[in-house]
Amino acid sequence: AQKVTQAQTEISVVEKEDVTLDCVYETRDTTYYLFWYKQPPSGELVFLIRRNSFDEQNEISGRYSWNFQKSTSSFNFTITASQVVDSAVYFCALSELGNDMRFGAGTRLTVKP
Amino acid sequence: DAMVIQNPRYQVTQFGKPVTLSCSQTLNHNVMYWYQQKSSQAPKLLFHYYDKDFNNEADTPDNFQSRRPNTSFCFLDIRSPGLGDAAMYLCATSSRLAGTYEQYFGPGTRLTVT
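Residues numbered from 1 in each chain as written. Chains lettered and ligands numbered in written order. Predicted model: local features only at pLDDT ≥ 70, side-chain atom pairs only at ≥ 80, totals over all residues. Heavy atoms only, no water.

(A) Main features of the overall build of chain B. When helices and strands are counted, chain B shows zero helices and 11 strands. Tracing chain B from N to C terminus, the helices and strands come up as β-β-β-β-β-β-β-β-β-β-β. Its C-alpha radius of gyration of 13 Å places chain B within 12% of the 13 Å reference for a compact globule of 114 residues. Across its three principal axes, chain B shows a C-alpha extent of roughly 40 × 30 × 30 Å. Residues classed as buried in chain B amount to 53% of the 114 residues present. In chain B, once contacts between residues fewer than 6 apart in sequence are set aside, the share between residues at least 24 apart is 56%. Carbon and sulfur atoms make up 49% of the accessible area of chain B, which amounts to about 5,500 Å² in all. Charged side chains in chain B number 10 positive and 9 negative. The centres of these two groups are separated by 7 Å. (Helix = DSSP H or I, 4+ residues; strand = E, 2+ residues; numbered from the N terminus. Rg over C-alpha atoms; globule rule 2.2 N^0.38 Å. Buried < 20%, exposed > 50% of the residue type's maximum accessible area, 1.4 Å probe, protein only. Contact = heavy atoms within 4.5 Å. Areas by Shrake-Rupley, 256 points an atom, 1.4 Å probe, with all protein chains shown as cover. Lys, Arg positive; Asp, Glu negative; His and termini not counted. Charge placed at Lys NZ, Arg CZ, Asp CG, Glu CD.)

See below:
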């Protein structure tokens, strides 16, 4: 069975601080996909990134970066120089090939000015 | 822009009065999903359509039904809403044909049951 754990329920930082959101997953499949979604107060889930199990290359997109490590079953998300607009709930999710996506419990990030 | 649209954004219904939520997409994706999300919780998958094939989650109550008349539209019917059904309902789409599996979500419909 697939499982996603986001141990951090809430994180609060001050603007311009860097922050890392943790995600640990469990799966028996060798082929799977990992995702991060952002859910701002408006409620819409916004897709941020997809990573497949065969690609451990880390990715950077502007202030966002992702660190995928199969050895520790982790897919962590770092926001550099955080901004107030980054305040949202962030969900990590896992999809085993052919199966539906399962979400972690989410981490609520508050960035204070 | 291609997108997932949900109507209405806010829906108020009475206890026991049937209600239908709608979702449409311009992405031409072959899979459509319905999720229920309660406050401070992760989205919970209710069911999905893979093309015309309906796939129900084992723990989805019988009170929840869905219809997909064509590729673009999908409906969520709640036959007899209870107070516990008050939640945000999210529609999503994905293109498994493309082999990418990420889902694109609509803005959601917030359902209130009085």
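(B) Structural detail: the state of the cysteines. The tally for this structure, following the rule as stated, stands at two disulfides over all chains. Across the disulfide, Cys23 of chain A is cross-linked to Cys92 of chain A (sulfur-sulfur distance 2.0 Å). Residues Cys23 of chain A and Cys92 of chain A share a disulfide whose torsion about the S-S bond is about -65°; that sign makes it left-handed. A residue pair is termed long-range when its members are at least 10 positions apart, and Cys23 of chain A in the loop between β3 (19-21) and β4 (24-26) and Cys92 of chain A in strand β10 (residues 88-96) qualify at 69 residues. Like Cys92 of chain A, Cys23 of chain A is buried. Between Cys74 of chain B, a cysteine without a disulfide, and Cys91 of chain B, which holds the nearest cysteine sulfur, the sulfur-to-sulfur distance is 6.0 Å. (Disulfide = S-S within 2.5 Å.)

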